[in-house]
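Descriptive structure summary
Listed here are the chains, written in short residue letters.
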Number of protein chains: 2
Amino acid sequence: MANVEGIDALLAPESVAVIGASEVKNKIGNVIVRNLKEYGYKGKIYPINKKADEIKEIEGLKVYASILDVPGPVDLAVISIPAQFVAESLEECGKKGVKAIDVISSGFGEVGNKEEEEELVRICKKYNMRLLGPNTFGVYYGGKTMNATFGPKDVIPGKVAFISQSGALGIALMGWTILQQIGMSAIISTGNKAEIDDADLLEWLASDPSTNAILMYVEGIKDGQKFMETARKVVLKKPIVVIKSGRSKRGAQAAASHTGSLAGADNVFDAAMKQVGVLRAADFGEAFDWVKALSQSPPLKAKESVIVTNGGGVGVLATDACEFNNIPLIVPPDDMKKEFMKYMPSFGSPKNPVDLTGGANEKQYYDALKVAFKDDRIGTVIVLYCQTAVTDPVAIAKQIAQAYDEAGRNKPMVTSFVGGKECDDAMKWLTRNGIPSYPTPEQAVKALSAVYRWNDYKEKLSTRVAARARQHRAMS
Amino acid sequence: MANVEGIDALLAPESVAVIGASEVKNKIGNVIVRNLKEYGYKGKIYPINKKADEIKEIEGLKVYASILDVPGPVDLAVISIPAQFVAESLEECGKKGVKAIDVISSGFGEVGNKEEEEELVRICKKYNMRLLGPNTFGVYYGGKTMNATFGPKDVIPGKVAFISQSGALGIALMGWTILQQIGMSAIISTGNKAEIDDADLLEWLASDPSTNAILMYVEGIKDGQKFMETARKVVLKKPIVVIKSGRSKRGAQAAASHTGSLAGADNVFDAAMKQVGVLRAADFGEAFDWVKALSQSPPLKAKESVIVTNGGGVGVLATDACEFNNIPLIVPPDDMKKEFMKYMPSFGSPKNPVDLTGGANEKQYYDALKVAFKDDRIGTVIVLYCQTAVTDPVAIAKQIAQAYDEAGRNKPMVTSFVGGKECDDAMKWLTRNGIPSYPTPEQAVKALSAVYRWNDYKEKLSTRVAARARQHRAMS
């Protein structure tokens, strides 16, 4: 059973001690203190360094020689000191009454030092402390504006939680989310997973109000049954997307020498994920594409989709992608066609794709989308724009958002703007404003199809539950 | 049979007349003159406007009332006037001795006006002029620094030729190549393909020294047999990547109403492309990824690949991708391992992936890559970088290029830098400098696999030809 006790203290602490805090710029123990402070953490930050009598201050904060010297209570201790001193430090944390520990330090299970890793777990259990890691890059939690990582500082707050088993890749992907303008609710580096595991985190995130979708990078899962049981419940509330590497034979060997994970048979993992409704992405590009849509989409109330475009070519590409990704396209009845025709020239097309033609400006996009949002027969909307010399992508992006907001963002929508820098700017603006946007129509459609697949799974499950309930009633 | 007569005049003319040139900014007839001039076309540019007595100059160039008034010879006439005047204009071009025509004007076959389209072809045949279009957005040819399109101006010169059937999408994708830093040798909008078709262009591009790879966006092909015969020959010289939309049932209907193309059965098209060695991409994101690698790769001399990385996680992802995309990974023999070990800390891995570990700087990348380039047992190289706080992606990119240049760019290489803005900068630098770079390891591997697939096809074919030659000899 997943255990969420103490995870509050890990992700949403009121106070954080950084054990191994350093005054030397670019040292991990310095970057963590700086990220905490500069990102805007509102709780107490206590730098701990045994040379406190010499150093006095780190990043303007009073330094303590030991956690036992800290005046107030400490929820979370982030530990970045050489491996051989960690156990001793944990004993002090335990005595202090710290509730959660994040061990940044490496040199444990991942290099074969399993005994010392088990020792850490034993100490934490003794004092009823939760342990993340060891061998992590820290935790970020948007709800507390807390960046207790040694990754990039400027994480964009948002709705996606990311759990990463790989440290280096996790940090790099933190940077990637910033570049891609993806807003994050939480970033958690699980490292060696000596105590806290994916299931514990999933269970906590399922009830986290700031998280709408969960993305996991895993190389291996230790307790498969626990993970499955937890994921099965969590998926009913929030979508989970998983990237699992070590899928190939050779990749599994590489993973084994990287984090010591036993990857197991990939097809078994695949079947297991399908069974519990976890969406599996082939790579992290795809995974982030999906969570961008999953984290922003309102519930799916009707299935049929409409494509609104200013270009026939992109319309055809999206149509292909819808068919290949099982998104049904509405065949507009006459009354719907009549509505769309109001906002296009005579050579436009009110069929689906609704082709506003190349001259379509922001006003025409706005008007056509108002029709699409208002009509209950339309379940989802795919908006495409193909750059032209006579229209302004950013202005169009803003009117798309305007129409969507006025409709109360009432159905899932994805967008794709194909073109140069102005299109890139427009897409960044949309993504920052919670409207998923993608450089190719296919990416947009595939991301939307993840929303459908999550929905299908939930529907199938609720049908099964209802059937079981009927059966129970009939028998009693 | 493909016909290249006059295509020189279309793509590499010494003089261009713009019929329908305009002094009004943002009119097509103005943008084309401006793009020609500002992009740096060295030949003669003759703006033609029947109100030459009033207008005198367009963009600083003397205006002529008729092409018949132009003093020197005219290789190419680009026509942008209302459809009903095009035929008359073509007669004048014919009398003038123009060699190639690009009809920008729409209002022909694509709106059902097939008769007038046939009339244009008839006139061109009479005067032995080649006809591109009608309904095009123009032509760009890097070899002559000629941008005779009404698309974006700042096309990056390079090695990729792009043939687009869709006008709007073609223009948008021109912008996209700039954003993605993909260098182009030619961009040709085929429009309605009334006379010049894909096969003619392919045949010409096969002998074009500035083109290394060809990308085509097609919705339908008119003369399948001609296309196949030509492609089969061209592929032996240069790789062709095709994106064909209208692949799905619904997409084919949309394509039919867009350009009037009959898409035909998709699986037939697919089989045909495989038979002649044309690589088919699922979408244009993938297609441009592939041509980036195909246009820059030297010949493949050995098959086995090595992955050089600073992060285990990205290494595992790339390993998976290699296996799924049939790229064999070398198992480094002891002597090779020993070489790699010189450039990594003791906890690095000289196995494949060669893991230089997170601290690896530009020097270590340089040294390790020198080993990879020098060793003939290694056929291709995949370089990965996962952003860290202590290393500089741009500096690493530059040392990768340095090592590659020193080795004479002697084997295909792809790179992927995972991280934030600095990684994006590094990848743009690499791509601009002719080293294909991709935001995810999977994209890099898939692009490299396109190089393998093209090579496999050529090998298979030459084996077949050799076998046939042996058979001939044996029988004679």
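The present account deals with the structure reproduced in this document.

So, how was this worked out
- Residues numbered from 1 in each chain as written.
- Chains lettered and ligands numbered in written order.
- Predicted model: local features only at pLDDT ≥ 70, side-chain atom pairs only at ≥ 80, totals over all residues.
- Heavy atoms only, no water.
- Least-squares fit on C-alpha atoms with pLDDT ≥ 70 in both.
- Pairing = 2+ DSSP bridges.
- Helix = DSSP H or I, 4+ residues; strand = E, 2+ residues; numbered from the N terminus.
- Axes fitted to C-alpha atoms, helices over the stretch in contact; angles between N-to-C directions.
- Contact = heavy atoms within 4.5 Å.
- Patch = residues over 30% accessible without salt bridge, like charges linked within 9 Å, V, L, I, M, F, W, Y side chains within 5 Å.
- Areas by Shrake-Rupley, 256 points an atom, 1.4 Å probe, with all protein chains shown as cover.
- Salt bridge = Lys/Arg side-chain N within 4 Å of Asp/Glu carboxyl O.
- Lys, Arg positive; Asp, Glu negative; His and termini not counted.
- Charge placed at Lys NZ, Arg CZ, Asp CG, Glu CD.
- Buried < 20%, exposed > 50% of the residue type's maximum accessible area, 1.4 Å probe, protein only.
- Phe/Tyr/Trp six-rings, centres within 6.5 Å; stacked < 30°, edge-to-face > 60°.
- Lys NZ or Arg CZ within 6 Å of the ring centre and 35° of its normal.

For the pair chain B and chain A, the relating rotation is 180°, the translation along its axis is 0.0 Å, and the fit reaches an RMSD of 0.1 Å. With respect to symmetry, the two chain copies, as superposed, fit the operation of a two-fold axis. Taking C-alpha positions as reference, the residue of chain B nearest the rotation axis is B:Gly285, located at 6.1 Å.

Glancing now at the sheet that holds strand S1 (residues 15-19) of chain B. Residue and element names in this part refer to chain B. Strand order in the open sheet formed by five strands is S2-S1-S5-S6-S7, with parallel pairing between adjacent strands. Since the sheet does not close on itself, it has two edges, and those belong to strand S2 (44-48) and strand S7 (130-132), each with one partner. On average, each strand axis in the sheet is tilted by 20° relative to the strand beside it, whichever way the strands run. In this structure, strand S6 (residues 100-103) lies alongside S7, joined through three bridges in parallel fashion. Paired with Asp102 across the bridge in S7 is Leu132. Relative to strand S5 (residues 76-79), helix H4 (residues 83-96) is tilted by about 165°, and along the sheet it contacts S1, S5 and S6.

Residues and elements named next belong to chain A. Positive charge collects at one region of the surface, where Arg232, Lys460, Arg464 and Arg468 lie side by side. Element by element, the count of residues in the positive patch is highest for helix H17 (residues 441-475), at three residues. Along the chain, the position of Arg464 falls in helix H17. Residue classification places Arg464 among the partly exposed residues on the basis of a relative accessible area of 38%.

The next thing to look at is the pattern of salt bridges. Under the defined criterion, the tally for this structure stands at 53 salt bridges over all chains. B:Lys274 is paired through a salt bridge with B:Asp270; the nearest N and O atoms lie 3.4 Å apart. Residue B:Lys274 and its partner B:Asp270 are both found in helix H10 (residues 266-275); the two are separated by four residues, about one turn of the helix. With a relative accessible area of 60%, B:Lys274 lands in the exposed category. We note a salt bridge from B:Asp367 to B:Lys363, for which the minimum N-O separation is 2.8 Å. Remark: B:Lys363 and B:Asp367 occur in helix H14 (residues 362-374); sequence separation between them is four residues, near one turn of the helix. Beyond isolated ion pairs, a larger network of salt bridges with shared partners links A:Arg130, A:Glu195, A:Asp197, A:Asp200 and A:Lys226.

Scanning all chains against the criterion turns up 18 aromatic pairs over all chains. Look at A:Phe162 and A:Phe288: their rings are 5.7 Å apart centre to centre, the planes differ by 65°, and that puts the pair in the edge-to-face class. Of the two residues, A:Phe162 is situated in strand S10 (residues 157-164) and A:Phe288 in helix H11 (residues 284-294); the sequence distance between them amounts to 126 residues. The class of A:Phe162 is buried, set by a relative accessible area of 0%. Overall, the relative accessible area of 1% leaves A:Phe288 in the buried class. Taking 5.5 Å as the distance between ring centres and 75° as the angle between the ring planes, the aromatic pair formed by B:Tyr141 and B:Trp204 counts as edge-to-face. One end of the pair, B:Tyr141, is in strand S8 (residues 138-141); the other, B:Trp204, is in helix H7 (residues 198-206), and 63 residues separate them in sequence. In this structure B:Tyr141 comes out as buried when scored by relative accessible area, which is 6%. Given a relative accessible area of 10%, B:Trp204 falls into the buried group. Aromatic ring contacts, followed pair by pair, group A:Phe162, A:Trp176, A:Phe284 and A:Phe288 into a single cluster. For the cation-ring pair, B:Lys62 lies above B:Tyr64, with the distance from its terminal atom to the ring centre recorded as 5.1 Å.

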